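Remarks on the overall topology
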Amino acid sequence: MGRESVVVVPDIGDFKDVEIIEILVNPGDTVKAEDSLISLESDKAAMEIPSSMGGTVKELKVKLGDRVSQGSPILTLIVDDAAAEPVPAAAPGAPPEAREPQAVAVSAPVPSPTSAPEDVVETPAAPAATAAAPAVDRAEPSSGHGVPPHASPSVRRFARELGADLSRISGTGTKGRILKEDVQAFVKARLQQPERASSVAFGLPEAVEIDYSQFGAIERQPLSRINKLSAAALHRAWITIPHVTQHDEADITDLEAFRVALKPEAERKQIKLTLLPLVMKAVVAALKTFPKFNASLAANGEELILKRYYHLGFAVDTPDGLVVPVLRDADQKSVFEIAAELGEVGSRARGRKLRNPDLQGGTFTISSLGGIGGTAFTPIVNAPEVAILGVSRAQTKPVYREGAWQPRLMLPLSLSYDHRVIDGAEAARFTAYLVQLLTDIRRVLL
Ligand code: CAO
């Protein structure tokens, strides 16, 4: 059994009657030299009083809210002289990193750590002192009103270790002081909200769960696997790619006449010849002239990867949702071959018979809603591609030409592109060129 020592408040500079804001030990606790015993806070400074000796706390001589000055007894310690490690005196100017950051408002004389001749020892307190001025703890932003959050040095240290921002924590202690438990609760709540954290990174407001049944009858329908996959891909592309859509119109009166002329031949081959294969041939010719549109941005964001192959994705509307199979080497296939493949792949897509290779390697995508309707839309770039062509329904319109109004079949085109890669002027040139090709398909041969 060791001897009993009363630990008292050491020289804390000019501070007198300083309030105890935290008691960090309980009777029965074993403390080592330098372990903090209590926290004090005055109008000007907060400080922790560490023990000068190791031992077991026998009795507390103070309670929360008590006011103490130099020499006030803090607690009785049973000191095991054999095991006791007195604190070595800090050399003047010694670095303070073992303690709280020092915006010291209190001079810190360190009393002799050797065993006091009587049963009273002073703690080598003031190294833990932390001024309660805004410069106190640069790691923690102030609460936004120029007032640093109320927290003891040990709580500040605890929060700093966990990376918790004290200015965002509400204190439940006296006078709103932030306690260790407040920091724990804050961190716990954050860890339970990973989704929210990631949407905050994009600056997006959190999705709110609404009970729609309070307004009327509802029915819940699970999303299909395809819905979920395309939702994730579309969302990622929408958020990560700065989109711009360029709209234009092509006069396809002659092209349509050509298609109609080819139809009997196509039917003999049992092929359904729609506009899309002809648009694809024109798109390939435009991609050859504007290679940037048949490219991907390298992951490092510093290079453009131009592709010398022309694999066209085409959006297919299926009962399970949107899929985008890829028609490979469109440049090497005839209009009839493309038409045949579109029909075959389209029906496999609707019959859920697509395989992974059918969906991979696209270089540019076409989304045709022409069979359904609409005058324009803004397709979402099918990343990692850099552009996508939306095709709406052709309509006969009056067009002023060669001094007269003429009925012309006009095809609306909507080109969405990744503005990181493609400038608006380039997109306008690409679209204008595509319009030229569709207006006079013979130009594809040039
Ligand atoms: N203007 C006028 N008529 C058009 C047209 C256009 N731009 N495009 C197609 N048509 C006509 C076709 O000629 C065909 O007419 P007939 O039946 O009289 O011959 C009819 O519309 C239906 O065509 P289609 O849609 O069956 O064939 P397609 O080759 O044009 O398109 C495919 C094939 C697979 C692209 C299409 O069926 C499809 O699924 N489209 C939806 C794409 C989609 O969902 N896009 C949105 C993606 S973002 O959510």
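Computed from a prediction, not measured in an experiment: that's the story for all the values here. (Residues numbered from 1 in each chain as written. Predicted model: local features only at pLDDT ≥ 70, side-chain atom pairs only at ≥ 80, totals over all residues. Heavy atoms only, no water.)

Observations regarding the pattern of salt bridges
If the charged atoms of two oppositely charged side chains come close together, the side chains can form a pair. This is how it is decided: Salt bridges are defined as contacts in which a side-chain nitrogen from Lys or Arg sits within 4 Å of a carboxyl oxygen from Asp or Glu. Comment: elements are numbered from the N terminus, with helices defined as DSSP H or I runs of at least four residues and strands as E runs of at least two. Burial classification: accessible surface area is computed with a 1.4 Å probe over protein chains only, and a residue below 20% of its type maximum counts as buried, one above 50% as exposed, and the rest as partly exposed.
Applying the stated criterion across every chain, the model contains 18 salt bridges. Residues Arg 408 and Asp 254 are paired through a salt bridge, measuring 3.9 Å at the closest nitrogen-oxygen approach. Of the two residues, Arg 408 sits in strand 21 (residues 404–418) while Asp 254 sits in helix 5 (residues 253–268), which places them 154 residues apart along the sequence. By relative accessible area, which is 12% here, Arg 408 ends up buried. Measuring nitrogen to oxygen at the nearest pair gives 2.9 Å for the salt bridge that ties Glu 256 to Arg 259. Of the two residues, Glu 256 and Arg 259 are both situated in helix 5; the distance of 3 residues between them amounts to about one turn of the helix. For Glu 256, a relative accessible area of 21% corresponds to the partly exposed category. Members of the salt-bridge network, linked through shared partners, are Asp 251, Asp 254, Arg 401 and Arg 408.

A short note on the environment of Gln 270
Here Gln 270 is to be found in the loop between helix 5 and helix 6 (275–289). Sequence spacing of Gln 270 and Ala 340 is 70 residues, and the spatial spacing of their C-alpha atoms is 8.3 Å.

Overview of the packing of aromatic side chains
Formally: Centres within 6.5 Å are what make two rings of Phe, Tyr or Trp a pair, Trp counting through its six-membered ring; a difference in plane orientation under 30 degrees is then read as stacked, over 60 as edge-to-face, and the rest as tilted.
A full pass over the atoms with the stated rule returns 6 aromatic pairs. Seen from their ring centres, Tyr 400 and Trp 405 are 5.2 Å apart, and the 65 degrees between their planes marks the pair as edge-to-face. One aromatic cluster is present, built from ring pairs that chain together Phe 290, Phe 293, Phe 364, Phe 430 and Tyr 433.

Topic: empty space enclosed by the protein
We apply this condition: Lining residues are those with an atom within 4 Å of a point, where the points come from a 1 Å grid over the protein atoms alone and group into cavities, where a 1.4 Å probe fits but cannot get out, or pockets, open sets with protein on both sides within 12 Å along at least five of seven lines. Grid points are joined across faces, edges and corners, and a volume is the space filled by probe spheres set on the points.
Under the defined criterion, the tally for this structure stands at 1 cavity of 30 Å³ or more. Lining the largest cavity are Ile 21, Glu 22, Ala 151, Ser 152, Val 155, Arg 177, Ile 178 and Leu 179.

Focus on the site of the ligand
The condition is simple: One heavy atom suffices: a residue is near a molecule or strand as soon as one of its heavy atoms comes within 4 Å of it. Distance and chemistry together define a polar contact, namely a pair of N or O atoms within 3.5 Å, with one atom able to donate a hydrogen and the other to accept it when in protein, and with adjacent residues in sequence counting only for side-chain atoms on both sides. Here, Shrake-Rupley sampling with a 1.4 Å probe gives the accessible areas, and only protein chains in the shown set may cover a residue.
Near the ligand you find 20 residues, and of these Thr 274, Arg 350, Ser 367, Ser 392 and Ala 394 are the closest. One nitrogen or oxygen atom from the main chain of Ser 368 is found 3.1 Å from a nitrogen atom belonging to the ligand. Take Ser 392: an N or O atom from its main chain is 3.0 Å from a nitrogen atom of the ligand. In the complex, the protein chains occlude 70% of the 960 Å² of accessible area that the ligand would expose alone.

Looking at the nonpolar core
Just so we agree on the cut-off: As used here, the term nonpolar core means buried Ala, Val, Leu, Ile, Met, Phe, Trp, Tyr and Cys residues forming a set that is joined through side-chain atoms within 4.5 Å. Here a residue-residue contact requires only that any non-hydrogen atoms of the pair lie within 4.5 Å.
Counting residues in hydrophobic clusters, the biggest one holds 55 residues, and the most contacted among them are Phe 364, Ile 366, Leu 389 and Leu 438. Listing elements by their share of this core, those giving two or more residues are helix 5, helix 6, strand 14 (312–314), helix 7 (335–350), strand 18 (364–368), strand 19 (387–391), strand 21 and helix 8 (424–439). Apart from residues no more than four positions distant in its own chain, Ile 366 is found in contact with Leu 276, Val 279, Met 280, Val 283, Leu 312, Gly 313, Phe 314, Ala 315, Leu 389 and Val 391. Core analysis: the next-biggest nonpolar cluster, separate from the first, contains 21 residues, Val 18, Val 57, Leu 75 and Val 79 among them.

Things to note about unusual backbone geometry
At the junction of Ala 383 and Pro 384, the peptide bond is cis and its omega measures out at 10 degrees in the coordinates. Inspection of the secondary structure puts Pro 384 in the loop between strand 18 and strand 19. With phi around 45 degrees, Asp 329 is a residue other than glycine that occupies positive phi space. Here Asp 329 is to be found in the loop between strand 17 (326–327) and helix 7. You can call Asp 329 partly exposed: its relative accessible area is 25%. Unlike most non-glycine residues, Glu 402 shows phi in positive territory, near 45 degrees. Within the secondary structure, Glu 402 is located in the loop between strand 20 (395–401) and strand 21. We classify Glu 402 as exposed; its relative accessible area is 76%.

Things to note about helix 7
Three or four residues apart is the spacing at which side chains of an α-helix point the same way, because the helix has 3.6 residues per turn. Worth spelling out the cut-off: Multiplying one less than the number of residues by 1.5 Å gives the expected span of a helix.
The end-to-end C-alpha distance of helix 7 is 22 Å, a good match for the 22 Å that 16 residues give at a rise of 1.5 Å each. Within helix 7, the full set of buried residues consists of Val 335, Phe 336, Ile 338, Ala 339, Leu 342, Val 345, Gly 346, Arg 348 and Ala 349. The inward-facing, buried residues of helix 7 abut helix 5, helix 6, strand 14, strand 15 (316–318), strand 16 (321–323) and strand 17. One or two residues past the end of helix 7 sits Arg 352, with phi positive at roughly 55 degrees.

So, the confidence of the model for the chain
To keep it simple, the criterion reads: Scored between 0 and 100, pLDDT is the confidence that the predictor attaches to each residue.
With 81% of its residues at a pLDDT of 70 or more, the chain has an overall mean of 83. Throughout residues 85–147 the model reports pLDDT below 50, and contacts reaching past four residues in sequence, or to other chains, amount to 144 contacts.

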